[in-house]
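Report on the structure
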Amino acid sequence: MVRADDAASWHGGSGRPRLHVVTGKGGTGKTTVAAALALALAGAGQRALLCEVEERQGISQVLDVAPLGDLEQPVTAGLDGGEVIGLSAQAGTALVEYLRLFYKLGRAGDLLRKMGAIDFATTIAPGVRDVLLGGKIYEASRRTRGGRHTRPGAAGSADPHEYDAIVLDAPPTGRVGRFLNVTEHLADLARVGPIRAQADSISELLHSPATAVHLVTLLEQMPVQETADALTELTGTGLHPGAVIVNQVRATEAAAPLALLREDGQPDPEVLTDQLASVGIRPGPATVRGLLQTGREALDRWELEQALHTEVEAMGRPVLSLPHLPEGIGPDAVLRLAWALRDQGVAP
Ligand SMILES: Nc1ncnc2c1ncn2[C@@H]1O[C@H](COP(=O)(O)OP(=O)(O)O)[C@@H](O)[C@H]1O
Ligand SMILES: [Mg+2]
């Protein structure tokens, strides 16, 4: 197993990825984890871009800031005083920019959008929407502070990249393969020409070691299964899996229910009755049965989580754990999760 406490490789790669794709089964905490990761990666004097692509305004909810638009804007500070910039990438806007760039359409693009033609084009042509969104990330990843664009794989220049890290709150595992393998899924009408060329460049970035795909899971059967399947799929398509991030880990205390079991693993009503009596509580048999039932369930849950954790570790990726925060998710909670990531080696 790759160990997460090896600070140099919490992501499991040899180099240092700059684009972090965060995916996982829906509802496991992708948006929350992506935000925490961006905070942990925004080093002193650095900028991290936190980008969503499904127009859900998840980032603004998690960080409690005004809804994000298509313009990159500061949303919070990183752990070391760096800056986290938010972006809700929208295919429509990207298409207008794109038409402007390649077809010198100028304001006609806006007109097309008003007419609904953009929605039409991005809905009708499978893959084109993903290329447009991927294109925004690609552009942001190459942009330098001086506003120029580096060639992919170009040697370090004096003008540093605008973003030291880019964290993508990606589509869920069910859709992410399609999103990341942009070239394969392009509609027929975009198999040649500038859209194709754009897709190839994006694909090159996504398949390079500069990109790590992290998987968020819960210690539950379905998310763990989806994580295993996703790892197989990612590796099969030449993408670089990063860490498996186990979210919402509860501090389950197994000792208490364990103490109530007899040697054969069955709950022992007498032990519980005696224990309660020792603190002056004398419950009836029904209460004792109820308590034992609750204890048994807690123990079953604990055993299941242990088994799933073992399964996760056997996947051969670095494993990071984040606690379940009962107070719910807001800016303070994200900060706590970011520190938890930092404690496990996630650093700029
Ligand atoms: N570590 C955590 N502790 C407590 N609640 C969490 C944690 N992570 C996520 N949540 C909650 O779980 C739900 C799903 O999280 P979210 O980040 O929106 O997931 P996704 O983007 O995968 O759909 C939200 O209600 C969020 O507040
Ligand atoms: Mg989300």
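On a predicted model such as this, the values are computed, not experimentally measured, just so you know. (Residues numbered from 1 in each chain as written. Chains lettered and ligands numbered in written order. Predicted model: local features only at pLDDT ≥ 70, side-chain atom pairs only at ≥ 80, totals over all residues. Heavy atoms only, no water.)

**As for the overall build of the protein**
Heads up, the rule is: Strands here mean DSSP runs of E at least two residues long; helices mean DSSP runs of H or I at least four residues long; both are numbered from the N terminus. Only protein chains enter the calculation, and the probe is 1.4 Å; a residue is then buried if its accessible area is under 20% of its type maximum, exposed if over 50%, and partly exposed in between. Throughout, a contact is declared for two residues whenever any of their heavy atoms are within 4.5 Å. Using a 1.4 Å probe, the Shrake-Rupley method yields the accessible areas, and only the shown protein chains count as cover for residues.
The number of helices and strands found in the protein is 13 helices and 8 strands. For the protein, the proportion of its 348 residues judged to be buried stands at 47%. In the protein, of all internal contacts separated by at least 6 residues, the share reaching a separation of at least 24 is 69%. Summing over all exposed atoms, the protein offers an accessible surface of approximately 16600 Å²; the carbon and sulfur share of this is 55%.

**Overview of the environment of Ala-36**
Following the sequence through the fold, Ala-36 ends up in helix 1 (residues 30–41). With relative accessibility at 0%, the residue Ala-36 sits in the buried group. Considering only alpha carbons, one finds Ala-36 and Gly-78, 42 residues apart in sequence, at a separation of 9.1 Å. Once residues within four sequence positions are removed from consideration, Ala-36 is found in contact with Val-334, Leu-337, Ala-338 and Leu-341.

**Quick notes on the site of ligand 1**
Let me state the cut-off plainly: Being near a molecule or strand, for a residue, comes down to having at least one heavy atom within 4 Å of it. Polar contacts, as used here, are pairs of N or O atoms within 3.5 Å; protein pairs need one atom able to donate a hydrogen and one able to accept it. Residues neighboring in sequence count only if both atoms are side-chain atoms. Think of it as three bins: nonpolar holds Ala, Val, Leu, Ile, Met, Phe, Trp, Tyr, Cys and Pro, charged holds Asp, Glu, Lys and Arg, and polar takes everything else, Gly as well.
Around ligand 1 lies a shell formed by Gly-27, Thr-28, Gly-29, Lys-30, Thr-31, Thr-32, Asn-247, Gln-248, Pro-323, His-324, Leu-325 and Ile-329. Here an oxygen atom of ligand 1 and a backbone polar atom of Gly-29 are 3.0 Å apart. Residue Lys-30 places a side-chain N or O atom 2.8 Å away from an oxygen atom belonging to ligand 1. Listing elements by their share of the shell around ligand 1, those giving two or more residues are helix 1 and strand 7 (241–249). A total of 3 residues in the shell around ligand 1 trace back to one element, the largest contributor, which is helix 1. Its residues assigned to classes, the shell around ligand 1 comprises 3 nonpolar, 8 polar and 1 charged.

**Digging into helix 6 (residues 128–142)**
Rules: To estimate the expected span of a helix, count its residues, drop one, and scale the result by 1.5 Å.
End to end, helix 6 covers 21 Å across 15 residues, agreeing with the expected 21 Å (1.5 Å per residue, within 8%). Of all 15 residues in helix 6, 13 are buried; the element is thus mostly enclosed.

**Focus on the pattern of salt bridges**
The condition that has to hold: Only one rule defines a salt bridge in this text: a Lys or Arg side-chain nitrogen within 4 Å of an Asp or Glu carboxyl oxygen.
Inspection of every chain in the model, using the stated rule, returns 16 salt bridges. A salt bridge links Arg-56 to Glu-54; its shortest N-O distance comes to 3.4 Å. For Glu-54, a relative accessible area of 24% translates into the label partly exposed. Taken together, the shared-partner salt bridges in this structure form one network comprising Arg-47, Glu-72, Glu-83, Glu-139, Arg-143 and Glu-162.

**Describing the confidence of the model for the protein**
For clarity, the cut-off: On a range of 0 to 100, pLDDT expresses the predictor's confidence in each residue.
In this model, the protein carries an average pLDDT of 87, and 85% of its residues clear a pLDDT of 70 or more. Overall, residues 1–7 carries pLDDT values under 50, and its contacts beyond four positions in sequence, including any with other chains, amount to 14 contacts.

**Points about the side chain of His-20**
Residue position: His-20 is located in strand 1 (residues 19–24). Given a relative accessible area of 2%, His-20 falls into the buried group. At a separation of 3.2 Å, a polar atom in the side chain of His-20 contacts the main-chain carbonyl oxygen of Pro-17. At 2.9 Å, the side chain of His-20 forms a polar contact with the side chain of His-214. Filtering out sequence-adjacent residues up to four positions away, His-20 remains in contact with Trp-10, Leu-37, Leu-41, Ile-166, Val-167, Leu-168, Ala-212 and His-214.

**A short note on helix 9 (residues 221–236)**
Filter applied, for reference: Note: the arc covers the axis-to-C-beta directions of the helix.
With 16 residues, helix 9 ought to run about 22 Å at 1.5 Å a step, and its terminal C-alpha atoms sit 23 Å apart, in line with that. Along helix 9, the residues that are buried comprise Pro-223, Val-224, Thr-227, Ala-230, Leu-231 and Leu-234. Looking straight down helix 9, one finds that the buried residues subtend no more than 120° of arc, so they occupy a single side. Along helix 9, exposed side chains directed more than 90 degrees from the buried face belong to Met-222, Thr-232 and Gly-236. Next to the buried residues of helix 9 lie helix 7 (173–180), strand 6 (211–217), strand 7 and helix 12 (285–313). At the C-terminal side of helix 9, Gly-238 shows a positive phi close to 75°.

**Description of the pairing of strand 2 (residues 47–52)**
For the record, the criterion: Pairing between two strands is assigned when DSSP locates at least 2 bridges connecting them.
With 5 of its 6 residues buried, strand 2 lies for the most part within the structure. Strand direction decides the pairing type here: strand 2 and strand 5 (residues 165–169), joined by 5 bridges, are parallel. In the strand pairing of strand 5, Glu-52 is matched with Asp-169.

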